[in-house]
Amino acid sequence: DGLDDDISKEIAAERIILCDEGDGDGPSPGRDQRSYEGVSYIWVDPDYRGQLSPGQLKLYEILLTLQQSTIYTSTTIGKLAKAQGLRNPSACCHRLENLQSVGAIHGFKI
């Protein structure tokens, strides 16, 4: 139980930075010296029109809103999990992985 709690805390603390699309090919900070180890620079494709599960759609909409409301914002997987009403940050991590695998987001470090 303690090990699971430690892993959940570690996942929840993982940082995500949402940024504008830069040159149109995904997030610009992730490709240069401004990127930090262990941080995912995510760009959300505002034109994504593929099929998403209800949970994936909810996360996609949260991420897109964050991206569109500012040029650069920082959050954690834990905060995103809480915004979706998820108890386990691993579930949020899986949704992020799924969104990336279908091309709705780019830059998430798996």
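Residues numbered from 1 in each chain as written. Predicted model: local features only at pLDDT ≥ 70, side-chain atom pairs only at ≥ 80, totals over all residues. Heavy atoms only, no water.

With that out of the way, let us pick up the overall build of the protein. Helix and strand counts for the protein stand at four helices and four strands. Split into buried and exposed, the 110 residues of the protein put 37% on the buried side. Counted over contacts in the protein with a minimum sequence separation of 6, partners at least 24 positions apart contribute 59%. Carbon and sulfur atoms make up 49% of the accessible area of the protein, which totals about 6,600 Å². (Helix = DSSP H or I, 4+ residues; strand = E, 2+ residues; numbered from the N terminus. Buried < 20%, exposed > 50% of the residue type's maximum accessible area, 1.4 Å probe, protein only. Contact = heavy atoms within 4.5 Å. Areas by Shrake-Rupley, 256 points an atom, 1.4 Å probe, with all protein chains shown as cover.)

Before going further, it helps to spend a moment on helix 4 (residues 89-101). Look at helix 4: 19 Å from first C-alpha to last across 13 residues, which is about the 18 Å you get at 1.5 Å a residue. Within the span of helix 4, buried status applies to Pro89, Ser90, Cys92, Cys93, Leu96 and Leu99. N-cap assignment for helix 4: the residue whose side-chain oxygen lies 2.8 Å from the backbone N of Ser90 is Asn88. Of the residues one or two after helix 4, Gly103 is the one with positive phi, at around 90 degrees. (Expected span 1.5 Å × (residues − 1). Polar contact = N/O pair within 3.5 Å; in protein donor to acceptor, adjacent residues only side chain to side chain.)

Taken as a whole and judged by the stated rule, the model has one aromatic pair. Summarising the aromatic geometry, the rings of Tyr48 and Tyr60 are spaced 6.1 Å apart at their centres and angled 55 degrees between planes, so their arrangement reads as tilted. Of this pair, Tyr48 sits in the loop between strand 2 (39-44) and helix 2 (54-69) while Tyr60 sits in helix 2, and the two are twelve residues apart along the sequence. As far as the burial class goes, Tyr48 and Tyr60 line up, both buried. (Phe/Tyr/Trp six-rings, centres within 6.5 Å; stacked < 30°, edge-to-face > 60°.)

So, on to helix 2. With 16 residues, helix 2 extends 22 Å between its outermost C-alpha atoms, agreeing within 8% with the 22 Å of an ideal straight helix rising 1.5 Å per residue. In the core, the buried residues of helix 2 are packed alongside strand 1 (15-19), strand 2, helix 3 (77-83), helix 4 and strand 4 (105-106).

Two modes of strand pairing occur in sheets, parallel and antiparallel, and in both the strands are linked by backbone hydrogen bonds. Spatial ordering of the open sheet is given by 3-1-2-4, a layout of four strands whose pairing is mixed. The open sheet is flanked by strand 3 (72-76) and strand 4, the only strands paired with a single partner. For strand 2 and strand 4, the ladder comprises two bridges, and the chain directions are antiparallel. Across the sheet, Val44 pairs through a bridge with Ile105, a residue of strand 4. (Pairing = 2+ DSSP bridges.)

Tracing the sequence through the fold places Leu64 in helix 2. Judged by relative accessible area, Leu64 falls into the buried class, the value being 14%. Between the alpha carbons of Leu64 and Val44 there is a distance of 5.9 Å; along the sequence they are 20 residues apart. With residues up to four places along the chain from it excluded, the contact list for Leu64 reads Val44 and Pro46.

Looking at the element boundaries, Gln56 is found in helix 2. At 3.0 Å, the side chain of Gln56 forms a polar contact with the backbone nitrogen of Ser53.

Structural measurements only, silent on function.
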